[in-house]
Protein chains: 2
Amino acid sequence: MAILTMSGYLDARPRVGYFYTGKTNAHILSEKVKSITVDHYKSRPVVVNEASSVYEAITTMFLEDVGTLFVVDKLATLSGVVSRKDLLRASLGQHSLETIPVGVIMTRMPNVTFCEESDFIIDIAKKLITKQIDGLPIVKKVPHGSGYEVTGRITKTNITSLLVDLANNETI
Amino acid sequence: MAILTMSGYLDARPRVGYFYTGKTNAHILSEKVKSITVDHYKSRPVVVNEASSVYEAITTMFLEDVGTLFVVDKLATLSGVVSRKDLLRASLGQHSLETIPVGVIMTRMPNVTFCEESDFIIDIAKKLITKQIDGLPIVKKVPHGSGYEVTGRITKTNITSLLVDLANNETI
């Protein structure tokens with residue numbers, strides 16, 4: 001019975017023996033999924049400067065092979081996010097991509113959705129769906145300032161990897 | 001013990017009583033995840049004709065708000081796939097987007113990764129990661145021909161929804 005006990009289905013009570021905890025498979029499954037934090041499934045962030053041109057941003061996106069870029073200001077704190085969709089929209093415009101700064105077309109703070117390393121990945125998954133975005137920055141508050149530095153990236157690709165690991169029975 | 005039996009941990013043997021099946025949480029979890037098929041989490045496909053211009057394809061992508069378009073030939077069978085990334089690359093070129101047919105820039109059959117409704121979603125999740133794509137078409141063989149008709153679309157967004165449902169303890 002030791003394995004069953006550890007698995008959370010049965011609990012031991014002194015002098016009473018084992019009793020059924022009332023948890024079903026679905027409960028234990030959802031508890032396991034809910035306990036995983038962002039730092040277990042993050043990717044490295046790819047960052048461009050606010051003054052970079054849209055053309056430079058597109059080039060960076062292809063070179064780094066990511067779908068979302070994070071835009072930082074002169075203090076290297078998060079000022080915005082730009083997606084493949086934003087860049088595609090901009091490329092349809094009449095203006096030269098070399099002369100428009102990425103800061104003009106990005107989603108700007110405080111309208112950026114972000115998270116921290118200790119957040120639960122399942123809450124991020126919900127945000128990615130409800131806000132219809134592909135990925136978001138993982139940030140840390142700057143020690144003596146008001147901004148956030150970008151420490152990572154979490155995307156639907158990371159969520160997909162998590163599901164594959166769950167199915168592969170990997171220890172998470 | 002009825003609930004435990006149904007949950008897969010204990011099996012009943014006539015005259016012998018219950019015995020432990022040897023399955024752990026992780027096993028049952030992975031079995032559950034592995035048993036879900038594509039048709040439970042598909043989206044509707046968005047299709048353009050091979051002769052459409054790149055400009056038309058980009059417009060369709062924005063109007064329908066999808067990240068992947070499926071391209072069909074005159075017989076309405078799958079001839080290729082075009083992603084947001086393909087369209088962004090094309091928009092950087094020197095040529096006019098109104099004059100290049102989408103068939104020129106798409107990934108063409110037989111190089112397209114596709115699946116069928118009865119495939120397991122976990123196998124699709126693995127393909128999305130290893131092939132580094134955002135989504136793929138769900139197809140059905142044309143009755144008396146050699147091609148495939150497109151019946152659906154499965155993307156990393158669908159996979160993310162599946163994970164949210166697992167955590168929400170939904171019946172899948």
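Residues numbered from 1 in each chain as written. Chains lettered and ligands numbered in written order. Predicted model: local features only at pLDDT ≥ 70, side-chain atom pairs only at ≥ 80, totals over all residues. Heavy atoms only, no water.

### Quick word on the sheet that holds strand β5 (residues 78-83) of chain A
Residues and elements named next belong to chain A.
Now for step 1: Taken together, 4 strands build an open sheet; the order of strands is β3-β4-β5-β6 and the sheet is mixed. Each edge of the open sheet carries a strand with a single partner, namely β3 (47-49) and β6 (107-108).
Now for step 2: Summarising the sheet, strand β4 (residues 68-72) and β5 pair through 5 bridges and their orientation is antiparallel. Bridge assignment links Phe70 to a residue of β5, and that residue is Val81.
Now for step 3: Where helix α3 (residues 54-64) meets the sheet, it contacts β3, β4 and β5, and its direction lies at approximately 130 degrees from that of β4. (Pairing = 2+ DSSP bridges. Helix = DSSP H or I, 4+ residues; strand = E, 2+ residues; numbered from the N terminus. Contact = heavy atoms within 4.5 Å. Axes fitted to C-alpha atoms, helices over the stretch in contact; angles between N-to-C directions.)

### What about helix α6 (residues 121-130) of chain B?
Residue and element names in this part refer to chain B.
Now for step 1: Where α6 is concerned, the buried positions are Ile121, Ile122, Ile124, Ala125 and Leu128. Viewed along the axis of α6, the buried residues span an arc of 155 degrees, placing them on a single side of the element.
Now for step 2: Gln132 sits one or two residues past α6 and shows a positive phi near 55 degrees. (Buried < 20%, exposed > 50% of the residue type's maximum accessible area, 1.4 Å probe, protein only. Arc of directions from axis to C-beta.)

### Considering the pattern of salt bridges
Now for step 1: Under the definition given, this model contains 14 salt bridges over all chains.
Now for step 2: The partner of Asp86 of chain A in a salt bridge is Arg89 of chain A, and the shortest N-O contact between them spans 3.4 Å. Of this pair, Asp86 of chain A and Arg89 of chain A both sit in helix α4 (residues 84-91), 3 residues apart, which is roughly one turn of the helix.
Now for step 3: Residue classification places Asp86 of chain A among the buried positions, given a relative accessible area of 14%.
Now for step 4: Classification of Arg89 of chain A by relative accessible area gives partly exposed; the value is 44%.
Now for step 5: We note a salt bridge from Arg44 of chain B to Glu64 of chain B, for which the minimum N-O separation is 3.1 Å. With Arg44 of chain B in the loop between α2 (25-34) and β3 (47-49) and Glu64 of chain B in helix α3 (residues 54-64), this pair connects stretches of sequence that are 20 residues apart.
Now for step 6: Ionic contacts of the salt-bridge type, sharing partners, join the residues Arg84 of chain A together with Asp134 and Lys156 of chain B into one network. (Salt bridge = Lys/Arg side-chain N within 4 Å of Asp/Glu carboxyl O.)

### Observations regarding the UniProt feature "domain: CBS" (unreviewed entry) in chain A
Now for step 1: The sites that UniProt annotates as "domain: CBS" (unreviewed entry) are residues 41-97 and 106-171 of chain A.
Now for step 2: Taken end to end, residues 41-97 of chain A is 33% helix and 25% strand, and its two terminal C-alpha atoms sit 34 Å from one another. (UniProt positions renumbered as here; feature names shortened; annotations may be inferred.)

### A closer look at the pairing of strand β8 (residues 148-155) of chain A
Residues and elements named next belong to chain A.
Now for step 1: A large share of β8 lies buried, amounting to 6 of its 8 residues.
Now for step 2: The pairing of strand β7 (residues 135-141) with β8 spans 7 bridges and is classified as antiparallel. Directly across from Gly135, in β8, lies its bridge partner Thr155.
Now for step 3: Once β7 ends, the chain turns through 6 residues before running back antiparallel as β8.

### Observations concerning the packing of aromatic side chains
Residue and element names in this part refer to chain A.
Now for step 1: According to the stated counting rule, one finds 2 aromatic pairs over all chains in the structure shown.
Now for step 2: Judged by centre distance (4.7 Å) and plane angle (45 degrees), the ring pair of Phe114 and Tyr148 falls under tilted. Remark: Tyr148 occurs in strand β8 and Phe114 occurs in the loop between β6 and α6 (121-130); sequence separation between them is 34 residues.
Now for step 3: Since its relative accessible area comes to 23%, Phe114 is described here as partly exposed.
Now for step 4: Over the ring of Tyr148 we find Lys141, and its NZ or CZ is 4.7 Å from the ring centre. (Phe/Tyr/Trp six-rings, centres within 6.5 Å; stacked < 30°, edge-to-face > 60°. Lys NZ or Arg CZ within 6 Å of the ring centre and 35° of its normal.)

### Brief notes about the packing of α3 of chain A against helix α4 (residues 84-92) of chain B
Now for step 1: Relative to each other, α3 of chain A and α4 of chain B sit at 135 degrees, their axes nearing to 12 Å. On the basis of their axis angle, the class for α3 of chain A and α4 of chain B is oblique. Seen from above, α3 of chain A lies across α4 of chain B with left-handed handedness. Mapping the contact onto sequence places Tyr55, Ile58, Met61 and Phe62 of chain A in α3 of chain A and Lys85, Leu88, Arg89 and Leu92 of chain B in α4 of chain B.
Now for step 2: Here the contact of α3 of chain A with α4 of chain B is composed, by residue class, of 6 nonpolar, no polar and 2 charged. (Parallel < 35°, antiparallel > 145°, perpendicular 65-115°, else oblique. Left-handed = near helix turned anticlockwise from the far one by under 90°. Nonpolar A, V, L, I, M, F, W, Y, C, P; charged D, E, K, R; others polar.)

### Regarding the nonpolar core
Now for step 1: Ile154 and Leu163 of chain A together with Ile154 and Leu163 of chain B are the most contacted members of the largest nonpolar core, which totals 38 residues.
Now for step 2: Taken together, the elements giving at least two residues each to this core come down to α6, β7 and α7 (156-167) of chain A together with α6, β7 (135-141) and α7 (156-167) of chain B.
Now for step 3: The contact partners of Leu163 of chain B, leaving out residues within four places of it in the chain, are Val33, Ile122, Ile159, Leu162, Leu163 and Leu166 of chain A.
Now for step 4: Val66 and Val71 of chain A together with Val82 and Leu87 of chain B belong to the second largest nonpolar core, which has 34 residues in total. (Core = buried A, V, L, I, M, F, W, Y, C linked by side-chain atoms within 4.5 Å.)

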